[in-house]
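Residue-level structure breakdown
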Amino acid sequence: MRHIISILIENEAGALSRVAGLFSARGYNIETLTVAPTEDSSLSRMTIVTNGSDDVIEQITKQLNKLVDVVKVVDLSEAPHVERELMLVKVRAAGKDREEMKRMADIFRGRIIDVTETTYVIELTGTSSKLDSFIEALDKALILETVRTGVSGIGRGDRILKI
């Protein structure tokens, strides 16, 4: 099962390495990883997407809580949450393909953020499945380059990850 683990961590050199090392040392896979400072410059928020049974995720959570730099760990998947991912896709957009790429961007509520004579760069945000669907809907020969940020997530309502 897919889990989104959100970690509040001290913003210090080596903290990211220790968390990633914990996963690799135990053979756990990290599908996506995003890290950025929070409103408190001494803390960063790390969001990790991984797959595993509830027992595996419980073990990961316990191990993360043992790390000195980790302040708090929450599995966002356990309760209602909002998740988003950003993707930039550079596509061929020449001749008849130009209008088709614009139409596809509109259908998926994407924005064309860069235009040249032969290419578009399309910005798309949403759930990972929405971004996957966009890629599947395009002709593979028209995709020149794809960049994805990985999932960012936040709990809904009163569910807050703060110290």
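In this report, we go over the structure that sits alongside the text. (Residues numbered from 1 in each chain as written. Predicted model: local features only at pLDDT ≥ 70, side-chain atom pairs only at ≥ 80, totals over all residues. Heavy atoms only, no water.)

Each helix and strand counted, the protein chain has four helices and nine strands in total. The order of helices and strands in the protein chain, counted from the N terminus, is β-α-β-β-α-β-β-α-β-β-α-β-β. C-alpha extents for the protein chain along the principal axes are approximately 55 × 35 × 35 Å. Put simply, the protein chain has 163 residues, and 37% of those count as buried. For the protein chain, the proportion of contacts with a sequence separation of at least 24, taken over those separated by at least 6, is 74%. Surface accessibility of the protein chain: about 9300 Å² in total, with carbon and sulfur atoms responsible for 51%. Across the protein chain, the 22 positively charged side chains and the 25 negatively charged ones have centroids separated by 2 Å. (Helix = DSSP H or I, 4+ residues; strand = E, 2+ residues; numbered from the N terminus. Buried < 20%, exposed > 50% of the residue type's maximum accessible area, 1.4 Å probe, protein only. Contact = heavy atoms within 4.5 Å. Areas by Shrake-Rupley, 256 points an atom, 1.4 Å probe, with all protein chains shown as cover. Lys, Arg positive; Asp, Glu negative; His and termini not counted. Charge placed at Lys NZ, Arg CZ, Asp CG, Glu CD.)

The next point concerns helix α4 (residues 128-137). If you check which residues of α4 are buried, you get Ser-128, Leu-131, Phe-134 and Ile-135. For α4, the angular spread of buried residues about the axis comes to 120 degrees, placing them on one side. At its buried positions, α4 is contacted by β1 (2-10), β5 (81-92), α3 (96-107), β7 (119-126) and β8 (143-148). (Arc of directions from axis to C-beta.)

Bringing the side chain of Asp-75 into the picture now. Note on placement: Asp-75 falls in strand β4 (residues 70-75). We note that Asp-75 is buried and unpaired, the nearest opposite charge coming from Arg-159 at a distance of 6.2 Å. Excluding its chain neighbours within four sequence positions, the residues that come into contact with Asp-75 are His-3, Ile-4, Ile-5, Ile-57 and Arg-159. (Salt bridge = Lys/Arg side-chain N within 4 Å of Asp/Glu carboxyl O.)

Turning our eyes to something else, we now look at unusual backbone geometry. Positive phi outside glycine occurs at Arg-109, with the angle close to 55 degrees. Relative to the elements of secondary structure, Arg-109 occurs in the loop between α3 and β6 (111-115).

Together, Leu-16, Leu-33 and Val-35 make up a nonpolar patch on the protein surface, roughly 220 Å² of accessible area in all. Its place among the elements puts Leu-16 in helix α1 (residues 15-25). Exposure remark for Leu-16: the relative accessible area of 39% places this residue in the partly exposed category. (Patch = residues over 30% accessible without salt bridge, like charges linked within 9 Å, V, L, I, M, F, W, Y side chains within 5 Å.)

The subject of this paragraph is the side chain of Thr-34. As for its position among the elements, Thr-34 is in strand β2 (residues 32-37). A polar side-chain atom of Thr-34 sits 3.2 Å from the main-chain carbonyl oxygen of Val-151. The residues touching Thr-34, leaving out its near neighbours within four places in the chain, are Arg-45, Met-46, Thr-47, Thr-149, Gly-150, Val-151 and Ser-152. (Polar contact = N/O pair within 3.5 Å; in protein donor to acceptor, adjacent residues only side chain to side chain.)

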